[in-house]
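Tertiary structure, described
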Amino acid sequence: MEQWECNACGYIYDPAEGDDSAGIAPGTPFEDLPDDWVCPVCGVGKEEFTKV
C-alpha cells in the first residue's frame, strides 16, 4: 500500500498501520480516510499530504 507524508510535519500515514488515535483500522487506504481526518501529529487536513 502507498504511504502518504504530511507536508507540514513529516508524519507518514501508513495504511498497513492505520491511525489508532482516530479509530482508523489497519488496512485503510489513504483515499478511504474520512474527509475530516487530520494529521495526528500537527492537525492539518488530508490536502496537506503527498504520496511517497
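Report on the accompanying structure. Please read these numbers as outputs of a predicted model, since none were measured by experiment. (Residues numbered from 1 in each chain as written. Predicted model: local features only at pLDDT ≥ 70, side-chain atom pairs only at ≥ 80, totals over all residues. Heavy atoms only, no water.)

Inspection of every chain in the model, using the stated rule, returns seven aromatic pairs. Their ring planes at 85° and their centres at 6.5 Å tell us that Tyr11 and Phe49 sit as a pair that is edge-to-face. You can see Tyr11 sitting in the loop between strand S1 (4-6) and strand S2 (12-13) and its partner Phe49 sitting in strand S3 (residues 49-51), a full 38 residues away along the chain. Note on Tyr13 and Phe30: the rings are 6.1 Å apart at their centroids and 55° apart in plane angle, and the pair reads as tilted. (Phe/Tyr/Trp six-rings, centres within 6.5 Å; stacked < 30°, edge-to-face > 60°. Helix = DSSP H or I, 4+ residues; strand = E, 2+ residues; numbered from the N terminus.)

The next thing to look at is the pattern of salt bridges. This structure, assessed with the given rule, holds one salt bridge. Between Lys51 and Glu2 there is a salt bridge; the shortest N-O distance is 3.6 Å. Note that Lys51 is positioned in strand S3 and Glu2 in the segment before S1, a separation of 49 residues in sequence. Since its relative accessible area comes to 44%, Lys51 is described here as partly exposed. (Salt bridge = Lys/Arg side-chain N within 4 Å of Asp/Glu carboxyl O. Buried < 20%, exposed > 50% of the residue type's maximum accessible area, 1.4 Å probe, protein only.)

On to the sheet that holds S1, then. Strand order in the open sheet formed by three strands is S2-S1-S3, and the pairing between neighbours is antiparallel. At either margin of the open sheet sits one strand with a lone partner, and together these are S2 and S3. Bridging between S1 and S2 involves two bridges; their strand directions are antiparallel. When the sheet's bridge partners are listed, Trp4 is paired in S2 with Tyr13. (Pairing = 2+ DSSP bridges.)

You can see Asp14 is positioned in the loop between S2 and S3. Despite its burial, Asp14 remains without a salt bridge, the nearest opposite charge being carried by Lys51 at 14 Å. Looking at Asp14, its side chain comes within polar contact range of the main-chain nitrogen of Ala16, at 3.0 Å. (Lys, Arg positive; Asp, Glu negative; His and termini not counted. Polar contact = N/O pair within 3.5 Å; in protein donor to acceptor, adjacent residues only side chain to side chain.)

As a further point, take the state of the cysteines. Tallied over the entire structure, the rule returns zero disulfides. Free cysteine Cys9: the closest other cysteine sulfur is in Cys39, separated by 3.7 Å. Of all cysteine sulfurs in the structure, the one in Cys6 sits closest to Cys42, which takes part in no disulfide; the separation is 3.7 Å. Taking relative accessible area as the criterion, Cys42 reaches 36% and is therefore assigned partly exposed. (Disulfide = S-S within 2.5 Å.)

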